[in-house]
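# Working through the structure, step by step
Okay, here's what each chain looks like letter by letter:
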Amino acid sequence: MPIEKLDTVDAFIVFDLADAPESVGVVRSARKILPSGATDLARSMTYAFATFEMRRSGASAGINAVDDDRADAVAKFAAEIAPMVTSGRFMPEPGTRVPRTALAPLAGVDPRAAVGDLADQATVAGAVAAAAQASGGLDGRTVAIEGSEPICDALAIAVEEQGGTMVEMNGQADVLFAGSKMGAIDHTVAEQINVNTLVPYSPIPVTARALAILGRAGTTVVPDFIATAGPLFAWWPSGDPTPEAITADAAAKITASLEEIADHPDGLFLAAAYRAESFLATWQDSLPFGRPLAS
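Scope of this entry: the structure provided in the associated data block.

### Notes on the packing of aromatic side chains
- Under the criterion given, the structure shown has six aromatic pairs.
- Geometrically, the ring pair formed by Trp235 and Trp236 is edge-to-face, given 5.9 Å between the ring centres and 90° between the ring planes. In terms of burial, Trp235 and Trp236 fall into one category: buried.
- Counting every residue linked through ring pairs, the aromatic cluster contains Tyr47, Phe225 and Phe269.
- Above the ring of Trp236, the side-chain terminus of Arg56 is found at 3.6 Å from the ring centroid.
- The ring of Trp235 has Arg112 lying over it, and the distance from NZ or CZ to the ring centre is 4.6 Å.

### As for the packing of helix α9 (residues 243–261) against helix α10 (residues 267–280)
- It is the contact of α9 with α10, at a shortest axis distance of 9 Å, that shows an interaxial angle of 105°. Between α9 and α10, the interaxial angle falls into the category roughly perpendicular. Contacts between α9 and α10 involve Ser257, Leu258, Glu260 and Ile261 from the first element and Leu268, Ala271, Ala272 and Arg275 from the second.

### Brief notes about the nonpolar core
- Ranked by internal contacts, the top residues of the largest apolar core, which has 74 residues, are Leu155, Phe177, Ile185, Leu198 and Leu232.
- Here this core gets nine residues from one element, more than from any other, and that element is helix α3 (residues 117–135).
- Apart from the residues lying within four places of it in its own chain, the contact partners of Leu232 are Met45, Ala48, Phe49, Phe52 and Met54.
- Core analysis: the next-biggest nonpolar cluster, separate from the first, contains 21 residues, Val9, Phe15, Ile63 and Ile81 among them.

### Some details on the sheet that holds strand β10 (residues 220–221)
- Reading across the sheet, the five strands line up as β7-β6-β8-β9-β10 and stay open at both edges, with parallel pairing between neighbours. Unpaired on one side and paired on the other, β7 (165–166) and β10 mark the two borders of the sheet.
- Its contacts with the sheet place α3 against β8 (172–178), β9 (194–200) and β10, and it is angled at close to 145° to β9.

Conventions adopted
- Residue positions within a chain follow its written sequence, with the count starting from 1.
- Only residues with pLDDT of at least 70 are given local features in this predicted model, and only at 80 or more are side-chain atom pairs given and counted; all residues enter the totals for whole chains, interfaces and linings.
- Hydrogens and water are ignored here; the side-chain numbers use all heavy atoms of the structure.
- In summary, the pairing rule links any two rings of Phe, Tyr or Trp, Trp by its six-membered ring, whose centres are within 6.5 Å, and it sorts them by plane angle into stacked for under 30 degrees, edge-to-face for over 60 and tilted for everything else.
- Here's how the labels work: a residue is buried when its accessible area is under 20% of the maximum for its type, exposed when over 50%, partly exposed in between, all with a 1.4 Å probe on protein chains only.
- As a reminder, the over-ring test applies to NZ of lysine and CZ of arginine, requiring each to be within 6 Å of the ring centre and within 35 degrees of the ring normal.
- Angular values range over 0 to 180 degrees, each being the angle between N-to-C directions of two axes fitted as lines to C-alpha atoms, with helices fitted over their stretch in contact.
- Helix and strand definitions here come from DSSP, where helices need a minimum of 4 consecutive H or I residues and strands a minimum of 2 consecutive E residues; each element is numbered from the N-terminal end.
- In these notes the angle categories are as follows: under 35 degrees is roughly parallel, over 145 is roughly antiparallel, 65 to 115 is roughly perpendicular, and the rest is oblique.
- Contact between two residues is taken to exist if any of their heavy atoms lie within 4.5 Å; hydrogens are not considered.
- For our purposes a nonpolar core is just a set of buried Ala, Val, Leu, Ile, Met, Phe, Trp, Tyr and Cys residues, chained together by side-chain atoms within 4.5 Å.
- Here, strands pair whenever DSSP counts at least two bridges between them.

And the structure:
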């Protein structure tokens, strides 16, 4: 997996597939961002693209900076990657301590059709559609949300519109949305919760050990690279580009994707991984090592 260091700032970009024509991924900033976490985030996006048969790669960037220096560091990062964004080689998404406003100067050169609100709306539509499909419908279900990210309010509204009832995250619910951070649902949390369906709203919130524990408990865990794939259909719309059509398309395609593997004997995660890897093998000589789960 190629790691490219920037010249003007202490930052790097991980590209999951070296020969991909286009790459998309999250940009995060902290005192020290580890390439291993960036690799995991990039892998999730790669599998999302592969699930929907798009020949693109995941990527992820890290900007090493303390709070007082962060605004300047992010500005330098944005200026240096502008040619990459223009060509589509790396198209950034906001992440930890890098809000969308910090990447706004790049929006004008980003080749994607929609960057910002419409992609965010598609994220919500896709996650809620995934929850509805995996749980047999949200009407009458109790639903909890782990975290307090900006997307959580929109998820709650969409759930209630489909007849679900929001409850506090007290360890028990029919459906749990998770995604406050990578690995938010680790083995300790997995042993304490009692939910029928777990749906990620951001990349890799579930660890490998947690997935095993939840599986033994009978919890359906929707793969993050399917549940969070809504923006793909806003970035590259295949039909009517109106917001209503794009969000409906995202919901429909994510629903169909899960229906296709719903009865696989190895469970949703492995079935989804097999399918993504099958498509990757059609255009990659070798598969990237490791599946998209938090460490």
